[in-house]
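For reference, the chains in residue letters:
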Amino acid sequence: MTGDAGRASRTADEKLALADRLLEEAVYRARETQAIGVALSGHALNDPTGPGTCGLGEAAEFRDGLSETGRKLVAELWPELGGDTAVRIKQLLSDWVRRQDAFDRKRNHFLRDFRARNGADRQAYTPELLRAFEGGLDAINTEIIEERRRVALLLLAPGI
């Protein structure tokens, strides 16, 4: 189905999946914008003197709009978007980009700290260490998925 009939017939789960993809797309766009800024600054991405040395850092914001994919997702979810709703959606996307960046830092810090304590060679980990490593990553990933779902539901709330 296409057009308004296709949008109207979407299930709640389909709309939630679209909202989830929109949140991911906002993060991708913010990362793309940051990478371009870093490249233009003359700093290497891993240069500690450059901008955003952990996650998106200082540039963890949604400011340059959505990609074409993001715009299509918005059109699917809100065919007649405007006014206060558009402002609220942009704010939720911006808040999510900063939140995702915090999750990325949390994951990176977990990896750094775990490897500092136990070495970087996973092949050398005991089964117990490997379970701890994977369990730590799984816990962070689960937290990200749950929080993204919460924000996706906020995006779909009536009168956002």
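Caption draft 1: Here's a closer look at the overall build of the chain. Of regular secondary structure, the chain possesses 5 helices and 0 strands. Each helix and strand of the chain, placed in order from N terminus to C terminus, yields the pattern α-α-α-α-α. Taking all contacts inside the chain whose residues are at least 6 apart in sequence as the whole, residues at least 24 apart take part in 73%. Surface summary for the chain: the accessible area is close to 9,700 Å², and the carbon and sulfur share equals 51%.

Caption draft 2: Expanded view of the confidence of the model for the chain. Of all residues in the chain, 75% attain a pLDDT of 70 or more, and the chain-wide mean is 84. Across the chain, the element-wise mean pLDDT spans from 51 in helix 1 (residues 3–8) up to 97 in helix 5 (residues 127–156).

Caption draft 3: Summary view of the packing of aromatic side chains. Scanning the model with the defined rule gives 6 aromatic pairs in all. Geometrically, the ring pair formed by Phe114 and Phe133 is tilted, given 5.3 Å between the ring centres and 55° between the ring planes. Taken together, the positions of Phe114 in helix 4 (residues 83–118) and Phe133 in helix 5 put the pair 19 residues apart, joining distant regions of the chain. Phe133 matches Phe114 in its accessibility class, with the two residues each being buried.

Caption draft 4: Spatial organisation of the packing of helix 4 against helix 5. The N-to-C vectors of helix 4 and helix 5 enclose an angle of 175°; their axes lie 11 Å apart at closest approach. Compared by their axis directions, helix 4 and helix 5 come out roughly antiparallel.

Caption draft 5: Up close: the side chain of Ser67. Tracing the chain through its elements places Ser67 in the loop between helix 2 (12–41) and helix 3 (68–77). Every residue in contact with Ser67, bar those within four places of it in the chain, is listed here: Glu25 and Arg29.

Caption draft 6: Summary view of the nonpolar core. Formed by 30 residues in total, the largest nonpolar core has its most connected members in Leu22, Leu23, Trp78, Leu93, Phe110, Phe133 and Leu155. For this core, the leading source of residues is helix 4, giving 9 residues. When near neighbours in sequence (up to four residues on either side) are disregarded, Phe133 contacts Phe110, Leu111, Phe114, Arg115, Arg122 and Tyr125.

Each value, and the rule that gives it
- Residues numbered from 1 in each chain as written.
- Predicted model: local features only at pLDDT ≥ 70, side-chain atom pairs only at ≥ 80, totals over all residues.
- Heavy atoms only, no water.
- Helix = DSSP H or I, 4+ residues; strand = E, 2+ residues; numbered from the N terminus.
- Contact = heavy atoms within 4.5 Å.
- Areas by Shrake-Rupley, 256 points an atom, 1.4 Å probe, with all protein chains shown as cover.
- pLDDT = per-residue confidence, 0-100.
- Phe/Tyr/Trp six-rings, centres within 6.5 Å; stacked < 30°, edge-to-face > 60°.
- Buried < 20%, exposed > 50% of the residue type's maximum accessible area, 1.4 Å probe, protein only.
- Axes fitted to C-alpha atoms, helices over the stretch in contact; angles between N-to-C directions.
- Parallel < 35°, antiparallel > 145°, perpendicular 65-115°, else oblique.
- Core = buried A, V, L, I, M, F, W, Y, C linked by side-chain atoms within 4.5 Å.

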